[in-house]
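In case you want the letters, here they are:
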Amino acid sequence: MALLGVNIDHVATLRQARKGIQPEPVHAAAIAEQNGADQITIHLREDRRHIQLRDVKLLRATVQTKLNLEMAATPEMVTIAVEMRPDTVTLVPERREELTTEGGLLLSREMEPMIKELQGAGIEVSVFIEPNMEIIKLASRLGVDAVEIHTGHYANLTAPAEIKEEVERIHKAAKLVHSAGMRAVAGHGLHYHNTQALVALDIFEEFNIGHSIISRAIFTGLAEAVQAMKFIVE
């Protein structure tokens, strides 16, 4: 049975469109948790385009399950994370001009001190990377706790043969993650029609899904949208 992390960034995106106070991400987190979410995921971007620092503070004080903070691998963000103490930090690539995270993080040995500092503060460290065997091996050498495999390429495919090939590549990568003693997580571009194939692999411990859940919630409500996705990942 896999866990479901619900990314609520786009609740904040809607709020920031008017620079107002509604809708409130902390309310979305509460609804998600009450309806099956095992984790709340947020991305505090350097340009603060959606989630704000005050959201992180409020969510840290109120989330009853786990809080996963996605962030760039920068000294500023490490300082914030050490102060806020989320349960998990997921290091992700970040470019100011991108609409959403594009591709996996380019890991390097230079990130090791940041990883150790976060872990020293009692924070689990995950890295958001491509299903690439060499990068996964580097993640293991750096001592991270979890690997979130970027599923964006898989999500964009439409040809059955290509989808099958990518699922096999993801499966092979996830098996290496497990064999190296790290948690295997999947995320990016997953929705109500393409998540099942990855659930069927029975290897991922957690799925982080946001855009499709918030999009569905516009029509059905957030409670139903979370319940429906929870049913899929279980």
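In what follows, the structure referred to is the one given above.
In this report, the structure presented in the accompanying data block is examined.

1. Here we look at the overall build of the protein chain
Here comes step 1: If you tally the helices and strands in the protein chain, you get eleven helices and eight strands.
Here comes step 2: The C-alpha extent of the protein chain, read off along each of the three principal axes, is 45 × 40 × 35 Å.
Here comes step 3: With 234 residues in all, the protein chain has 54% of them scored as buried.
Here comes step 4: Within the protein chain, contacts between residues separated by at least 24 positions form 65% of all contacts whose residues are at least 6 apart in sequence.
Here comes step 5: Accessible surface, the protein chain as shown: approximately 10700 Å² in total, 55% of it carbon and sulfur.
Here comes step 6: Counting 24 positive and 32 negative side-chain charges, the protein chain places the averaged centre of each group 2 Å from the other.

2. Observations regarding the packing of aromatic side chains
How two aromatic rings sit relative to each other is set out by the distance from centre to centre and by the angle between their planes.
Here comes step 1: If you walk through the whole model with that rule in mind, you get one aromatic pair.
Here comes step 2: Just above the ring of Tyr-192 sits the side chain of Arg-216; from NZ or CZ to the centre is 4.4 Å.

3. Some remarks on the packing of helix α6 (residues 133-142) against helix α8 (residues 160-179)
The relative placement of two packed helices comes down to the angle between their axes together with the axis-to-axis distance.
Here comes step 1: In the contact formed by α6 and α8, the axes pass within 10 Å of each other and the chain directions differ by 20°. One element, α6, and the other, α8, form an angle in the roughly parallel class. For the pair α6 and α8, the crossing hand works out as right-handed. Note on element contacts: α8 touches α6 through Lys-172, Ala-173, Leu-176 and Val-177, opposite Met-133, Ile-136 and Lys-137.
Here comes step 2: Along the lines of polarity and charge, the residues of the contact of α6 with α8 split into five nonpolar, no polar and two charged.

4. Some points on the sheet that holds strand β7 (residues 183-187)
Here comes step 1: Read once around its circumference, the closed barrel built from eight strands follows the order β1-β2-β3-β4-β5-β6-β7-β8, with strand pairing classed as parallel. Pairwise comparison of adjacent strand axes, ignoring direction, gives a mean angle of 25° for this sheet.
Here comes step 2: With four bridges connecting them, strand β5 (residues 124-129) and strand β6 (residues 146-150) associate as parallel partners. For Val-127, the partnering residue across the bridge sits in β6 and is Val-147.

5. Some details on helix α10 (residues 211-220)
Here comes step 1: By the burial criterion, the buried members of α10 are Ser-212, Ile-213, Ile-214 and Ala-217.
Here comes step 2: Among the structural elements, β1 (3-7), α1 (9-18), β8 (206-209) and α11 (222-233) are those in contact with the buried residues of α10.
Here comes step 3: Once α10 ends, the next one or two residues include Gly-221, with phi positive near 95°.

6. Observations regarding the packing of helix α4 (residues 75-84) against helix α5 (residues 112-120)
Here comes step 1: Where α4 contacts α5, the two axes come as close as 10 Å, and the packing angle between them is 10°. Judged on the interaxial angle alone, α5 and α4 are roughly parallel. Listed contacts from α5 to Pro-75, Val-78, Ala-81 and Val-82 of α4 are Met-114, Glu-117 and Leu-118.
Here comes step 2: Residues that form the contact of α4 with α5 fall into these classes: six nonpolar, no polar and one charged.

7. Let's talk about α11
Turn by turn, an α-helix covers 3.6 residues, leaving residues three or four places apart pointing in a common direction.
Here comes step 1: A rise of 1.5 Å per residue sets the reference length of α11, with its twelve residues, at 16 Å; its end C-alpha atoms lie 17 Å apart and thus fit the reference within 8%.
Here comes step 2: Those residues of α11 hidden inside the fold are in contact with β1, α2 (25-34), α9 (195-199), β8 and α10.

8. Some thoughts on the pairing of β5
Here comes step 1: In terms of burial, β5 is largely enclosed, as six of its six residues are buried.
Here comes step 2: When strand β4 (residues 88-91) meets β5, the two strands line up parallel, connected through four bridges. From the neighbouring strand, Thr-88 faces β5, where its bridge partner is Glu-124.
Here comes step 3: One crossover worth recording links β5 to the parallel β6 by way of α6, and it is right-handed.

9. Description of the pattern of salt bridges
Here comes step 1: Tallied over the entire structure, the rule returns 15 salt bridges.
Here comes step 2: The shortest N-O distance in the salt bridge between Arg-54 and Glu-24 comes to 3.1 Å. With Arg-54 in helix α3 (residues 53-62) and Glu-24 in the loop between α1 and α2, the pair connects residues that are 30 residues apart, well separated along the chain.
Here comes step 3: For Glu-206, the salt bridge is made with Arg-183, and the minimal N-O distance between the two is 3.1 Å.

Cut-offs applied
Residues numbered from 1 in each chain as written. Predicted model: local features only at pLDDT ≥ 70, side-chain atom pairs only at ≥ 80, totals over all residues. Heavy atoms only, no water. Helix = DSSP H or I, 4+ residues; strand = E, 2+ residues; numbered from the N terminus. Buried < 20%, exposed > 50% of the residue type's maximum accessible area, 1.4 Å probe, protein only. Contact = heavy atoms within 4.5 Å. Areas by Shrake-Rupley, 256 points an atom, 1.4 Å probe, with all protein chains shown as cover. Lys, Arg positive; Asp, Glu negative; His and termini not counted. Charge placed at Lys NZ, Arg CZ, Asp CG, Glu CD. Phe/Tyr/Trp six-rings, centres within 6.5 Å; stacked < 30°, edge-to-face > 60°. Lys NZ or Arg CZ within 6 Å of the ring centre and 35° of its normal. Axes fitted to C-alpha atoms, helices over the stretch in contact; angles between N-to-C directions. Parallel < 35°, antiparallel > 145°, perpendicular 65-115°, else oblique. Left-handed = near helix turned anticlockwise from the far one by under 90°. Nonpolar A, V, L, I, M, F, W, Y, C, P; charged D, E, K, R; others polar. Pairing = 2+ DSSP bridges. Expected span 1.5 Å × (residues − 1). Right-handed = clockwise from strand over helix to strand, strands pointing away. Salt bridge = Lys/Arg side-chain N within 4 Å of Asp/Glu carboxyl O.

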